[in-house]
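So the chains spell out like this:
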Amino acid sequence: MEPWIIGLIAVCVIGVAVILYGALHDRKKNQRRAEEMLAPPKRDIPQFHPDSPAPHYLSELQARRRSEDQVTTTLSRDDREEIKAQLVSEEATRLSVGFLSADFITDQSTQWAQLERPRVLICAEPVTSMREILPVLEKLAVSQTGLVLAGPAFSDEVRHTLEINAIQRTMALLAIAVDDPALLTTISGVVGATVLSRGDLQANYVRPTDLGRCRRWVSSAKESWIIAAIR
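Residues numbered from 1 in each chain as written. Predicted model: local features only at pLDDT ≥ 70, side-chain atom pairs only at ≥ 80, totals over all residues. Heavy atoms only, no water.

## A short note on the environment of A141
Then, number 1: Structurally, A141 is set in helix α5 (residues 134-142).
Then, number 2: According to the relative accessible area criterion, A141 is partly exposed, its value standing at 38%. (Helix = DSSP H or I, 4+ residues; strand = E, 2+ residues; numbered from the N terminus. Buried < 20%, exposed > 50% of the residue type's maximum accessible area, 1.4 Å probe, protein only.)

## A few points about the pattern of salt bridges
Then, number 1: In this structure the tally under the stated criterion is 8 salt bridges.
Then, number 2: For R80, the salt bridge identified is with D107, shortest N-O distance 3.2 Å. Residue R80 is found in helix α4 (residues 77-87), and its partner D107 is found in the loop between β1 (92-95) and β2 (113-116); the two are separated by 27 residues along the sequence. Exposure class is identical for R80 and D107. Each is buried.
Then, number 3: Note that R207 is salt-bridged to D210, the shortest N-O span being 3.0 Å. (Salt bridge = Lys/Arg side-chain N within 4 Å of Asp/Glu carboxyl O.)

## Quick notes on the nonpolar core
Then, number 1: In terms of nonpolar packing, the biggest core is built from 44 residues, with L121, I187 and W217 touching the most fellow members.
Then, number 2: Breaking this core down by element, the ones donating at least two residues are β2, β3 (119-123), α5, β4 (147-151), α6 (156-167), β5 (173-177), α7 (181-191) and β7 (212-219).
Then, number 3: Counting residues per element, this core draws most heavily on α7, at 5 residues.
Then, number 4: Counting 9 residues, the second-largest nonpolar core is a separate cluster that includes L87, A92, W225 and I227. (Core = buried A, V, L, I, M, F, W, Y, C linked by side-chain atoms within 4.5 Å.)

## What to know about the pairing of β5
Along any regular strand, the residues point their side chains to alternate faces of the sheet.
Then, number 1: Taken across its 5 residues, β5 has 4 buried, putting it largely inside the fold.
Then, number 2: Both β4 and β5 contribute to a ladder of 5 bridges, which runs parallel. Within the sheet, the bridge partner assigned to L149 lies in β5 and is A175.
Then, number 3: Taking the sense of rotation as the criterion, the β-α-β connection linking β4, α6 and β5 turns out right-handed. (Pairing = 2+ DSSP bridges. Right-handed = clockwise from strand over helix to strand, strands pointing away.)

## A look at α7
Then, number 1: Every buried residue of α7 is accounted for by L183, L184, I187, S188, V190 and V191. The buried residues of α7 occupy one face: seen down the axis, they fall within an arc of 165°. The exposed residues of α7 that point more than 90 degrees off its buried face are P181 and T185.
Then, number 2: Residue D180 occupies the N-cap position of α7, its side-chain oxygen lying 3.0 Å from the main-chain nitrogen of A182. (Arc of directions from axis to C-beta. Polar contact = N/O pair within 3.5 Å; in protein donor to acceptor, adjacent residues only side chain to side chain.)

Below, the structure written as C-alpha coordinates:
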(Lines give C-alpha, C1' and ligand atoms only; values in the text may rest on other atoms or scores of the structure.)
Protein backbone atom coordinates (compact mmCIF):
# COMPACT_ATOMS: atom_id res chain seq x y z
CA MET A 1 0.00 0.00 0.00
CA GLU A 2 1.28 3.39 -0.93
CA PRO A 3 2.65 5.46 1.98
CA TRP A 4 0.42 8.41 1.16
CA ILE A 5 -2.68 6.19 1.41
CA ILE A 6 -1.61 5.00 4.83
CA GLY A 7 -1.07 8.62 5.89
CA LEU A 8 -4.48 9.64 4.58
CA ILE A 9 -6.16 6.81 6.54
CA ALA A 10 -4.30 7.83 9.70
CA VAL A 11 -5.36 11.46 9.29
CA CYS A 12 -9.00 10.40 8.75
CA VAL A 13 -8.99 8.18 11.85
CA ILE A 14 -7.44 10.90 14.01
CA GLY A 15 -9.88 13.48 12.61
CA VAL A 16 -12.92 11.31 13.39
CA ALA A 17 -11.57 10.68 16.92
CA VAL A 18 -11.09 14.41 17.50
CA ILE A 19 -14.63 15.16 16.26
CA LEU A 20 -16.15 12.47 18.51
CA TYR A 21 -14.19 13.75 21.54
CA GLY A 22 -15.27 17.32 20.86
CA ALA A 23 -18.91 16.30 20.49
CA LEU A 24 -18.90 14.33 23.76
CA HIS A 25 -17.07 17.12 25.60
CA ASP A 26 -19.55 19.75 24.38
CA ARG A 27 -22.46 17.51 25.33
CA LYS A 28 -21.23 17.13 28.92
CA LYS A 29 -20.49 20.85 29.12
CA ASN A 30 -23.98 21.72 27.89
CA GLN A 31 -25.52 19.29 30.39
CA ARG A 32 -23.64 20.97 33.25
CA ARG A 33 -24.81 24.38 32.10
CA ALA A 34 -28.41 23.19 31.87
CA GLU A 35 -28.24 21.71 35.39
CA GLU A 36 -26.78 24.96 36.76
CA MET A 37 -29.54 26.99 35.11
CA LEU A 38 -32.30 24.76 36.47
CA ALA A 39 -30.82 24.38 39.95
CA PRO A 40 -31.84 26.86 42.74
CA PRO A 41 -29.34 29.66 43.29
CA LYS A 42 -26.71 29.15 45.93
CA ARG A 43 -27.55 31.13 49.04
CA ASP A 44 -25.44 31.11 52.15
CA ILE A 45 -27.46 30.93 55.36
CA PRO A 46 -26.16 33.49 57.89
CA GLN A 47 -24.66 31.97 61.04
CA PHE A 48 -25.29 28.44 59.72
CA HIS A 49 -22.77 25.71 60.42
CA PRO A 50 -23.09 22.26 58.79
CA ASP A 51 -22.27 20.56 62.08
CA SER A 52 -24.99 22.47 63.99
CA PRO A 53 -27.76 20.31 65.50
CA ALA A 54 -31.05 20.25 63.61
CA PRO A 55 -33.70 22.64 65.02
CA HIS A 56 -36.38 21.09 67.21
CA TYR A 57 -40.01 22.00 66.69
CA LEU A 58 -42.85 21.27 69.08
CA SER A 59 -45.95 19.57 67.79
CA GLU A 60 -49.27 20.79 69.17
CA LEU A 61 -49.46 17.64 71.31
CA GLN A 62 -46.01 18.33 72.76
CA ALA A 63 -46.84 22.02 73.28
CA ARG A 64 -49.95 21.05 75.26
CA ARG A 65 -48.07 18.61 77.47
CA ARG A 66 -47.24 20.07 80.88
CA SER A 67 -43.89 19.30 82.46
CA GLU A 68 -43.64 18.14 86.07
CA ASP A 69 -42.96 21.62 87.43
CA GLN A 70 -45.93 23.00 85.48
CA VAL A 71 -48.36 20.54 87.05
CA THR A 72 -47.64 21.77 90.56
CA THR A 73 -48.87 25.11 91.86
CA THR A 74 -47.24 27.95 93.75
CA LEU A 75 -50.23 28.23 96.09
CA SER A 76 -49.73 26.93 99.59
CA ARG A 77 -52.52 25.73 101.87
CA ASP A 78 -52.55 29.13 103.57
CA ASP A 79 -52.80 30.85 100.18
CA ARG A 80 -55.83 28.79 99.27
CA GLU A 81 -57.53 29.55 102.56
CA GLU A 82 -56.82 33.24 102.12
CA ILE A 83 -58.31 33.24 98.62
CA LYS A 84 -61.37 31.28 99.76
CA ALA A 85 -61.98 33.92 102.40
CA GLN A 86 -61.58 36.70 99.85
CA LEU A 87 -64.10 35.09 97.48
CA VAL A 88 -66.90 35.51 100.02
CA SER A 89 -65.77 38.91 101.28
CA GLU A 90 -67.12 42.34 100.35
CA GLU A 91 -64.00 43.11 98.31
CA ALA A 92 -64.87 40.40 95.77
CA THR A 93 -67.11 40.93 92.74
CA ARG A 94 -68.64 37.67 91.56
CA LEU A 95 -69.31 37.04 87.88
CA SER A 96 -71.51 34.28 86.51
CA VAL A 97 -69.00 33.23 83.84
CA GLY A 98 -65.95 30.97 84.08
CA PHE A 99 -62.70 30.52 82.21
CA LEU A 100 -62.74 29.74 78.50
CA SER A 101 -60.59 26.61 78.83
CA ALA A 102 -59.26 24.32 81.55
CA ASP A 103 -55.78 24.93 80.10
CA PHE A 104 -55.78 28.24 81.99
CA ILE A 105 -55.95 26.47 85.37
CA THR A 106 -53.03 27.42 87.62
CA ASP A 107 -53.96 25.44 90.74
CA GLN A 108 -54.85 21.79 90.16
CA SER A 109 -56.07 21.25 93.71
CA THR A 110 -58.87 23.84 93.52
CA GLN A 111 -59.17 23.91 89.71
CA TRP A 112 -58.75 27.68 89.80
CA ALA A 113 -57.22 29.92 87.19
CA GLN A 114 -55.68 32.60 89.37
CA LEU A 115 -53.71 35.70 88.36
CA GLU A 116 -52.02 38.20 90.67
CA ARG A 117 -52.26 41.90 89.77
CA PRO A 118 -53.20 41.33 86.11
CA ARG A 119 -54.25 43.92 83.57
CA VAL A 120 -57.69 43.43 82.06
CA LEU A 121 -58.48 43.83 78.34
CA ILE A 122 -62.18 44.06 77.47
CA CYS A 123 -63.22 43.54 73.84
CA ALA A 124 -66.61 44.68 72.63
CA GLU A 125 -66.60 42.26 69.68
CA PRO A 126 -65.36 38.68 69.13
CA VAL A 127 -61.58 38.40 68.83
CA THR A 128 -61.00 36.70 65.48
CA SER A 129 -57.25 37.16 64.97
CA MET A 130 -54.12 37.28 67.13
CA ARG A 131 -53.18 40.51 65.34
CA GLU A 132 -55.92 42.28 67.27
CA ILE A 133 -54.39 41.57 70.68
CA LEU A 134 -50.72 40.91 69.86
CA PRO A 135 -49.49 44.47 70.56
CA VAL A 136 -51.03 44.34 74.04
CA LEU A 137 -49.58 40.88 74.72
CA GLU A 138 -46.09 41.93 73.60
CA LYS A 139 -46.02 44.98 75.87
CA LEU A 140 -47.21 43.05 78.93
CA ALA A 141 -44.90 40.09 78.24
CA VAL A 142 -41.88 42.40 78.52
CA SER A 143 -42.94 43.51 82.00
CA GLN A 144 -44.07 39.96 82.90
CA THR A 145 -47.56 41.22 83.72
CA GLY A 146 -50.51 38.84 83.51
CA LEU A 147 -53.52 39.56 81.33
CA VAL A 148 -57.19 38.72 81.60
CA LEU A 149 -59.07 38.92 78.29
CA ALA A 150 -62.84 39.30 78.28
CA GLY A 151 -64.87 39.33 75.07
CA PRO A 152 -68.01 37.89 73.46
CA ALA A 153 -66.05 35.09 71.75
CA PHE A 154 -62.58 33.98 70.62
CA SER A 155 -61.71 32.26 67.35
CA ASP A 156 -60.08 28.81 67.46
CA GLU A 157 -56.75 30.34 66.38
CA VAL A 158 -56.79 32.87 69.21
CA ARG A 159 -57.99 30.38 71.83
CA HIS A 160 -55.39 27.74 70.90
CA THR A 161 -52.57 30.29 70.94
CA LEU A 162 -53.59 31.63 74.34
CA GLU A 163 -53.94 28.10 75.74
CA ILE A 164 -50.49 26.98 74.58
CA ASN A 165 -48.84 30.11 75.95
CA ALA A 166 -50.59 29.57 79.27
CA ILE A 167 -49.53 25.89 79.38
CA GLN A 168 -45.91 26.68 78.54
CA ARG A 169 -45.97 29.62 80.97
CA THR A 170 -44.57 32.08 78.48
CA MET A 171 -47.09 34.51 79.96
CA ALA A 172 -49.77 34.49 82.66
CA LEU A 173 -53.03 34.47 80.69
CA LEU A 174 -56.72 33.95 81.29
CA ALA A 175 -59.59 34.34 78.83
CA ILE A 176 -63.32 34.42 79.56
CA ALA A 177 -66.12 34.51 76.99
CA VAL A 178 -68.78 37.06 77.96
CA ASP A 179 -71.61 37.28 75.43
CA ASP A 180 -73.68 39.65 77.58
CA PRO A 181 -72.84 43.32 76.84
CA ALA A 182 -74.25 44.34 80.23
CA LEU A 183 -71.81 42.00 82.00
CA LEU A 184 -68.90 43.40 79.98
CA THR A 185 -69.96 46.86 81.12
CA THR A 186 -70.06 45.65 84.72
CA ILE A 187 -66.52 44.25 84.46
CA SER A 188 -65.39 47.49 82.85
CA GLY A 189 -66.75 49.51 85.74
CA VAL A 190 -65.21 47.29 88.40
CA VAL A 191 -61.66 47.19 86.99
CA GLY A 192 -61.67 50.64 85.39
CA ALA A 193 -61.17 49.43 81.81
CA THR A 194 -62.39 50.74 78.48
CA VAL A 195 -64.52 48.44 76.36
CA LEU A 196 -62.52 48.46 73.10
CA SER A 197 -63.91 47.92 69.62
CA ARG A 198 -62.27 45.70 67.00
CA GLY A 199 -61.30 48.86 65.12
CA ASP A 200 -59.39 50.16 68.16
CA LEU A 201 -57.54 46.85 68.49
CA GLN A 202 -56.72 46.58 64.79
CA ALA A 203 -55.44 50.16 64.75
CA ASN A 204 -53.39 49.44 67.90
CA TYR A 205 -55.20 52.31 69.58
CA VAL A 206 -54.91 50.89 73.08
CA ARG A 207 -53.62 53.21 75.79
CA PRO A 208 -52.31 51.89 79.12
CA THR A 209 -55.28 53.54 80.81
CA ASP A 210 -57.66 51.48 78.63
CA LEU A 211 -56.58 48.33 80.46
CA GLY A 212 -58.22 47.56 83.79
CA ARG A 213 -56.50 46.51 87.01
CA CYS A 214 -57.22 44.33 90.01
CA ARG A 215 -55.20 42.78 92.82
CA ARG A 216 -56.35 39.27 92.04
CA TRP A 217 -58.56 37.52 89.50
CA VAL A 218 -59.88 34.04 90.15
CA SER A 219 -61.92 31.92 87.73
CA SER A 220 -63.40 28.46 87.95
CA ALA A 221 -65.20 26.54 85.22
CA LYS A 222 -68.46 28.42 85.89
CA GLU A 223 -67.64 31.53 87.94
CA SER A 224 -65.12 34.32 88.24
CA TRP A 225 -64.21 36.73 91.03
CA ILE A 226 -62.54 40.14 90.83
CA ILE A 227 -60.82 40.78 94.13
CA ALA A 228 -59.92 44.25 95.39
CA ALA A 229 -60.16 46.26 92.20
CA ILE A 230 -57.51 48.96 91.85
CA ARG A 231 -58.95 52.31 90.76
